[in-house]
Each structure stands twice: as C-alpha cells, then as structure tokens.
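# Breakdown of the fold
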Amino acid sequence: MLKSKTFVRKTRSGGVMKIVREHYLRDDIWCGSEVCAECKQESTVLQRDACIESNLCSYPHYVIPDTNVVLHQIDVLEDPVIRNVIILQTVLQEVRHRSAPVYKRLKDMIHEKEKFFYAFTNEHHRETFIEREPGESANDRNDRAIRVAAQWYSQHLKTSESDADGLKVVLLTNDQGNKQKAEESGLLVYADIIVHRLLAVAIAADSTYPDLMDKQKQSALANNLNYRHKMSQYAQRASVAFHTQLFFKSRGILNEEGFVLFVRKNAIIVLIPKFGLEGTVFFDAKDKAGPKLVFDEEGPTLNVEQHTFRIFDKVKVTISLDASNIQHQKIRMSLIDPVIPGVSVPAPEVEPQAKKPKLDH
Ligand SMILES: [Zn+2]
C-alpha cells in the first residue's frame, strides 16, 4: 500500500518548494516477540521471560519508552539489567533529530544482542501508521503514534498468549498529556518521577522503601503527583492572566495597532504584537440591537455593516480592563479603526508619555 505525503517547504532563497514523499505501508513487519505465534518471523528479539531481575514487576513485560524518556534516561536504559525494550521508529527519528550522541547510544543498544532491544518500524506498519490530523502539531501527532503503537503491541501480544497474566506492555512517558490519553485507551503507563526512581531501583543505583513497591500505593502516589502537577499548571496560567490584567489596569485604556488573527460569526480575534496579547472584539451587544453581521465561512470574512474583515487586516483597538465583576476581571478590546458608525469607539485621548530623563554622566 502506498501513501503519498505532500508538503511545502521554504527554500533558503525564500522560494517555496513542493515536496511529495511516498510512504509505503506494509503488512510484513513483525512484532519481534518470542511469545507471538501470529507473526511469520524467522527470528525474534524480545524474550518470553521478560522479567527485570528485581521485585519491581511481578509479571513479564516489555517497555516502550517515549522520546523524552530515551533522551533523559539513556544512562538507565543502558544498564545491563534493563532488557526487552521496544524502540519505536517514531522515537528513534525524534531522538535522531534532537541529540546525535543519544541517538548513537540508542543504536548501539539495539545492535547489542544481550540487551534484547527491538526496533519496531511502526511508521511503515499498516496498523500503526497514523496521519497527522488537521490542526495537530507534529509533536502531538508523534505522541499519538507512540500510543497507537503501544496499544497495538498490547493487543497483539494479548491474542498471542492466552494465559491471563501473560506479557504486558508498559509505556514509559514523562508527559502528563500523553499519560492521560494513554490511560484513557487502557494502556499501562508510569508517571515520570516514579519511573526514574523505579528504574534506578531496578539497576540497584538507588534503594527505596517497601511501600513504593506496592502497586496500589504506587498508583495512588502517581495520581497524587500528577494531580499536583496539573494544579501547579493551573496556578501558572492563572498567574499569567493576573499579571496581564495588572499591567493593563495600571495603564488604563490604550490605543494600539493589531492584526486580525481569526474572524468569527460575531467577533474578530486581534493580536497586538507589541504586547503579544490576543483579544476578542465582539460586535453583538447583549442589551441593544447589534450591527448587521454577515459571516462567510469560505473566506473567512465577516461583514460588519459596510466593512469587511479579513484575516491579517490591520486594525486599531482600545485595550482596557473590565473590572465590573471583581471575580472575573477581563481584558476588553474595542474597535477604533476602521471606523464603523455605531460600532467603533472614538480613539481615547492619550496623554503623551513623559520622556525619561536622560542620564548625564
Ligand atoms: Zn507478532
């Protein structure tokens, strides 16, 4: 099966080049596991008895590290005790782009027989290749590809081995979003800090208390860590919003140039490059009859009375802090230019800022 990818790339001279890349998907890529009776493989890499010589995991398992785990914990992966690891092509490619030395160490491990590291070409496998979705970043797409491949392994090995406590596939990730999405699709996932600690214990580089080896307690601990991490992210975002509001509160109404980023049915989203601030200018008023709005999805354009807004149009807006609801202070933007009668507001009179006194030495 052949898929072709088309994308445009900017050349050094400033031109634009169209690149068509052929992508072959195959159904003769094998899982590499000794337990599999389905794949028509002549030799295997991953062992049937895949237990780390420690009391970490009671069941045999294969580990699939994501790109960041490889980049940051390559030392641990290199320890002789870590074996039976599946290295996905997606991970290999990302590592190659991000660190040549780590890439070399990873390749060396794959070639080392005693490590039982298996490189799985998931990007060419008919069932694990995924297309990037519209609006999906390359990073998110790769994270998804890793989850899809891990899930495929999990399913694939389940059908091959009938006994209940058969082989398990564990995805190692330190990415919160990736972990959550993987768990939603029923994968075994370990959170970062614990992963590091456990790997260190596994290679006897660290010791730990018996509680940490308890699966239930481990899971509760991981959930707690993830919860706190999430809360600190919320706090971080709220703090950015708070300081943005403080900034505009002290400045009063401003008159700034900006560009239309998006047009919506009843609003335009404006970027003010000077502040790196995005805001929305709404055209429909809650209490009174608003202006005549015509939205054209094709453009996209938005007609407000006689004026047509397009993406990248230059506009002038006022920025102010709406503190009418003390619980929900908001940055407000109103249109100054273009002048649309009944819609735009007059430009505020700005007092010229006093020049900073020059420092004489
Ligand atoms: Zn197989």
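Residues numbered from 1 in each chain as written. Predicted model: local features only at pLDDT ≥ 70, side-chain atom pairs only at ≥ 80, totals over all residues. Heavy atoms only, no water.

### Some points on the overall build of the protein
Just so we agree on the cut-off: Runs of H or I in DSSP of at least four residues are treated as helices and runs of E of at least two as strands, each being numbered from the N terminus. Categorising residues by exposure relies on relative accessible area from a 1.4 Å probe, with only protein chains included: less than 20% of the type maximum marks a residue as buried, more than 50% marks it as exposed, and the intermediate range marks it as partly exposed. Between two residues, a contact is recorded if the distance between any of their heavy atoms is within 4.5 Å.
The helix and strand inventory of the protein stands at eight helices and 15 strands. With 361 residues in all, the protein has 39% of them scored as buried. Excluding contacts between residues fewer than 6 apart, the proportion of contacts in the protein whose partners are at least 24 apart in sequence is 55%.

### Considering the nonpolar core
Worth spelling out the cut-off: What makes a nonpolar core is a set of buried Ala, Val, Leu, Ile, Met, Phe, Trp, Tyr and Cys residues whose side-chain atoms join them at distances within 4.5 Å.
Judged by nonpolar contacts, the single largest core of 46 residues is most densely connected at L106 and Y153. Formed by 19 residues, the second largest nonpolar core is a distinct cluster that contains V263, V270, L277 and V304.

### Side note on the sheet that holds strand β11 (residues 293-296)
Just so we agree on the cut-off: Only when DSSP finds a minimum of two bridges between them are two strands counted as paired. Every axis in this analysis is a line fitted to C-alpha atoms, fitted for helices over the stretch in contact. Angles between the N-to-C directions lie between 0 and 180 degrees.
As summarised here, the arrangement of the three strands in space is β11-β12-β13, forming an open sheet in which the pairing is antiparallel. Among the strands making up the open sheet, the edge pair consists of β11 and β13 (307-310). Neighbour-to-neighbour, the strand axes of the sheet open up by a mean angle of 20°, direction not taken into account. Bridge analysis of β11 against strand β12 (residues 301-304) gives four bridges, and the strand direction is antiparallel. Within β12, the position partnered with V294 by the bridge is N303.

### Things to note about the coordination of the zinc ion
When a metal carries six donors in an octahedron, the ideal angles between them are 90 or 180 degrees, while four donors in a tetrahedron ideally lie at 109.5 degrees. Put simply, the rule is: Only nitrogen, oxygen and sulfur atoms qualify as donors, provided they sit within 2.8 Å of the metal or within 3.2 Å for Na, K and Ca; with water excluded from the atoms, sites may seem incomplete.
Each protein donor to the zinc ion is listed here as C31 (SG), C36 (SG), C39 (SG) and H156 (NE2); together their distances run 2.0 to 2.3 Å. In terms of primary sequence, the donors binding the zinc ion are separated according to C-x4-C-x2-C-x116-H. As far as the burial class goes, C31 and C36 line up, both buried.

### Side note on the pattern of salt bridges
Quick note on the threshold: Note on definitions: salt bridges are taken to be side-chain nitrogens of Lys or Arg within 4 Å of carboxyl oxygens of Asp or Glu.
Applying the stated criterion across every chain yields a total of 11 salt bridges. In this structure, the salt-bridge partner of R105 is D75, at a minimum N-O distance of 2.6 Å. Here D75 lies in helix α2 (residues 74-78) and R105 lies in helix α4 (residues 100-111), a separation of 30 residues in the sequence. Among the residues examined, D75 registers a relative accessible area of 55% and is labelled exposed. Where R141 meets E123, a salt bridge forms, and the shortest distance between an N and an O atom there is 2.9 Å. Placement of the pair is R141 in helix α5 (residues 138-160) and E123 in the loop between β5 (117-120) and α5, with a sequence separation of 18 residues. Residue R141 shares its accessibility class with E123, and that shared class is buried. Look at the salt bridges and you will find they share partners, linking D75, E78 and R105 into a network.

### Observations concerning the side chain of S344
Inclusion rule: Polar contact is defined as a pair of N or O atoms within 3.5 Å, subject to the rule that within protein one atom must be able to donate a hydrogen and the other to accept it, and that residues adjacent in sequence are counted only when both atoms are side-chain atoms.
Note on placement: S344 falls in the segment after β15 (330-337). For S344, the side chain forms a polar contact with the main-chain nitrogen of I340, separated by 2.6 Å. Contact partners of S344, with chain neighbours within four places excluded, come to L335, I336, P338 and V339.

### Things to note about the sheet that holds strand β14 (residues 314-322)
Pairing between the strands of a sheet comes from backbone hydrogen bonds, and it takes one of two forms, parallel or antiparallel. Read across the sheet, five strands follow the order β10-β9-β8-β14-β15 without closing on themselves; strand pairing throughout is antiparallel. Bordering the open sheet on either side are β10 (277-282) and β15, each of which pairs with just one other strand. Pairwise comparison of adjacent strand axes, ignoring direction, gives a mean angle of 45° for this sheet. Taken together, the six bridges between strand β9 (residues 267-272) and β10 define a ladder with antiparallel strand orientation. Counted as the bridge partner of A267 is F282 from β10.

### Points about the pairing of strand β8 (residues 254-263)
Examined bridge by bridge, β8 and β14 share six bridges and lie antiparallel to one another. Each bridged residue has a counterpart across the sheet, and for L254 the counterpart in β14 is I319. Strand direction decides the pairing type here: β8 and β9, joined by four bridges, are antiparallel. Across the sheet, V260 pairs through a bridge with V270, a residue of β9.

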